[in-house]
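# Architecture at a glance
Here is what each chain is made of, one letter per residue.
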Amino acid sequence: MSWLHIMIVIPFIFALFVPFLYKFFTPRIHTGWFVFIVPLVLFLSLLKYIPAIADGKTVYHSVPWMPSLGINYTTYMDGLGLIFGLLITGIGTLVVLYSIYYMSKHRESLHNFYVYLLLFMGAMLGVVFTDNVLVLYVFWEMTSISSFLLIAYWYQRKKSRYGAQKSMLITIFGGLAMLAGFIMLSMITETYSLREMFNQVDVITAHSLFLPAMLLILLGAFTKSAQFPFSIWLPDAMEAPTPISAYLHSATMVKAGIYLVARFTPIFGGNAEWFWVISSIGLITLLYGSINAVKQTDLKALLAYSTISQLGLIMCLLGLGSAALYFGYGDEATVYAAAILAAIFHLINHSTFKGSLFMVVGIIDHETGTRDIRKLGGLMGLMPISFTLTIIGSFAMAGLPPFNGFLSKEMFFTGVLNASQMNIFSMNTFGLLFPTIAWIASVFTFIYCMILLFKTFTGRYQPSKLEKAAHEAPLGMLISPILLASLVILIFFFPNVLSHYLLQPALIAILPIFAQSGGIDVKISAWHGWNTELFMTLGIVGLGTFMYIYLKKWSGVYGLFSQRWTLNAGYDFAIEKMERFSQGFTNRYMTGFIRDYVVYIFAVLIVMLGGSLWLFDGIAIDILNDAPISLYEGGVVVGMIIAAITVPLAKSRLTAIIAVGVLGYLVSMLFVIFRAPDLALTQLVVETVTVALFLLCFYHLPEFRKETVRMRFKLTNLIISIGVGVIVTIIALSANSTRLFEPISSYFENSYDLAGAKNIVNAILVDFRGIDTMLEIFVLCIASLGVYTLIKLRLAGRD
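Summary of the structure given here.

Quick notes on the rules
Residues numbered from 1 in each chain as written. Predicted model: local features only at pLDDT ≥ 70, side-chain atom pairs only at ≥ 80, totals over all residues. Heavy atoms only, no water. Helix = DSSP H or I, 4+ residues; strand = E, 2+ residues; numbered from the N terminus. Buried < 20%, exposed > 50% of the residue type's maximum accessible area, 1.4 Å probe, protein only. Contact = heavy atoms within 4.5 Å. Areas by Shrake-Rupley, 256 points an atom, 1.4 Å probe, with all protein chains shown as cover. Lys, Arg positive; Asp, Glu negative; His and termini not counted. Charge placed at Lys NZ, Arg CZ, Asp CG, Glu CD. Core = buried A, V, L, I, M, F, W, Y, C linked by side-chain atoms within 4.5 Å. Polar contact = N/O pair within 3.5 Å; in protein donor to acceptor, adjacent residues only side chain to side chain. Pairing = 2+ DSSP bridges. Patch = residues over 30% accessible without salt bridge, like charges linked within 9 Å, V, L, I, M, F, W, Y side chains within 5 Å. Salt bridge = Lys/Arg side-chain N within 4 Å of Asp/Glu carboxyl O.

All right, on to the overall build of the chain then. Counting secondary structure elements, the chain contains 35 helices and two strands. Counting only C-alpha atoms and orienting by the principal axes, one finds that the chain spans roughly 105 × 70 × 55 Å. By the burial criterion, 49% of the 799 residues in the chain qualify as buried. Contacts in the chain between residues far apart in sequence, at least 24 positions, make up 79% of those at least 6 positions apart. Looking at the chain as shown, the accessible area adds up to about 39,600 Å², and 68% of this sits on carbon and sulfur atoms. Here the chain contributes 48 positive and 41 negative side-chain charges, whose respective centroids are spaced 15 Å apart.

What follows is the structure in structure tokens.
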């Protein structure tokens, strides 16, 4: 196992020790100090890979998991995986440090908090460092489950439970769709390895499953990254503690869908379907998020919609940049590859300024007791450091200099302007929509950034509306946002430090065509002259300032749209209707009568098995080659039939029990006739014990009472009884008459050579099916413990 494998496993292993650390060291030491070591060590370890990755190398290691099925735990790290790994561990380190001062060690269940956090961290590392798509899916769903637990951390609150349920339903729905897409890709390529799939792009593109696989994988990416119309789960997830919001919803979980799209761009990129679906959905999400952010009155809700908007921006750039694969390597491809570069760069920038803003909003909530913009104001003098951090974060998000958001926003405008001049994919008709919508969305982005800053920190201070007297946060809580805000400024002045070591390797990972021709020269600068992008920015600042000043004049337009027709209302309506339908459907078949349940089960058996046999020509009865039935064999079978009929017709329990015993003993006689003495002895022992237990139990029950009951004839019972008998008989005869492959019994005949056992039955149970037998014993042990516990509880209740 490589160090990369160990890095993924470390958070899971450490999570096992967190409850013990919490128990033995609280309240002397905050549990977060122990957890802080994990992401810090992982981040420092990943830093060592930067020079090798920058030189074009990759890290690849494989550990067998299920080699017979082609499923191995294979880790793979290139420039794209390294960026995400650094974000996961780097932001994770700062979030844990922040949480130490944010989460009270006296009032909070810190062991649960940090266990969930570490599970999520390990799952995210598994997603970005995994080469096998099935293993990737396992980690993908682990992120959904752990994020559900984190969002529902304050499970006493109804909104927390609601937000956690909504996020899980939407993301797991997308994850299942993504799994179907992975299976389709593996069927096309006959491999589960992403690296091997990259070598079969032509085969995938020409296959009939290309489009379904692409759409299903994108469904998983869109649900996880809160793309329209699946973005409704993200604002409700803000009920989680602020450290979780800063980690999951600005830097990691919501970026998983971005990672998935970037990772599969070498396979699907260069096609019109991939280009249009991603770029258009991203653009719509950008506009939807920015417009809705303006009307929010809760600071975290505003940041949630701003996150949706920024994720849409990144997704749109990935879609536009995928056109580079259509042209191959050359000057034209390089033009459109700039959009991919902008997406990666903005991915990093967004993590820095949005993580800082989330932490600052958490500080405001922590120190004032509210996040309601209507109650805040005048905090600039009381919280000067938080005010400064908010200036840096909000101006960076608005795309203003001298902050890193300005650089990537200008590159975004370059990307949409280049795309508008594209002469493929019908862009000569619809291309102008991209820069137009991008500019409008950026205006609203500027407005909500100004709302976040000025509505919170300027104006009149309203202490009567606050739960606490506002004051600056302690230094420990400020360290993390200060470090992130510092990166916002440093990246603006020194962007090309990232260019060579991080951006260029990631760009080559997404567009491998450039790796074949010596790479691509990446240089980022703040000034490109008086170009169209700069004029677009000036227009945004001018119109955005005007609209912010007169916000009260036009914000009433939001009230014109009825809440009944929103996406959230549609989700709630669908959930309510599904619950009612499922409840009604359940009430129809959960009648409380075993007879009804047996009818349902047997009816399904008849329809499914009988229909399958009929449709697929499964009926093949050939009795010519069967061995003849001797007189004594027929006599035993007749005796079994008579004993079976006697059981339901018996007038006393004793007769019924004896008939059951006779049936069992006659079965053991068949085993003797067919030369299976071990089975016969086992059957005799089991039957003897069973009959004795029946007699012991029924001895204490009253005798049958003679009742005259008129039984009505039911055609349903007759049809189902005859149908089940006919279907089972046909299956047995068809199975005996059909030989699709050599019988497995010939393999077990070599039990002595394979297992050193002279008894085939024992060898099968102990050696060939050893794990199965062990699990059966384990189940019996659990059942025994359950019975013993119930008996003890009953005795205790009597006492």
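Now that the structure is up, let's keep going.
Formed by 218 residues in total, the largest nonpolar core has its most connected members in Phe264 and Leu511. At 20 residues, helix α17 (residues 331–368) tops the list of elements feeding residues into this core. When near neighbours in sequence (up to four residues on either side) are disregarded, Phe264 contacts Val133, Phe182, Leu185, Leu194, Ile217, Gly269 and Trp274.

Secondary-structure assignment places Ser408 in helix α19 (residues 404–420). A distance of 3.1 Å separates the side chain of Ser408 from the side chain of Asn349, its partner in a polar contact. At 3.4 Å, the side chain of Ser408 forms a polar contact with the backbone oxygen of Gly405.

As judged from the seven bridges shared by strand β1 (residues 59–66) and strand β2 (residues 71–77), these two strands associate in the antiparallel manner. Pairing of Tyr60 across the sheet is with Tyr76, part of β2. Linking two consecutive strands that pair antiparallel, namely β1 and β2, is a turn of four residues; a positive phi of about 75° is found at Gly70 within it.

Okay, a nonpolar patch on the surface next. Taken together, the side chains of Trp614, Leu615, Phe616, Ile619, Ile621, Ile623 and Leu733 make up a nonpolar region of the molecular surface, amounting to roughly 830 Å² of accessible area. Within the secondary structure layout, Ile619 lies in the loop between α27 (594–615) and α28 (631–649). You can call Ile619 partly exposed: its relative accessible area is 43%.

Shape descriptors only; they carry no functional weight alone.
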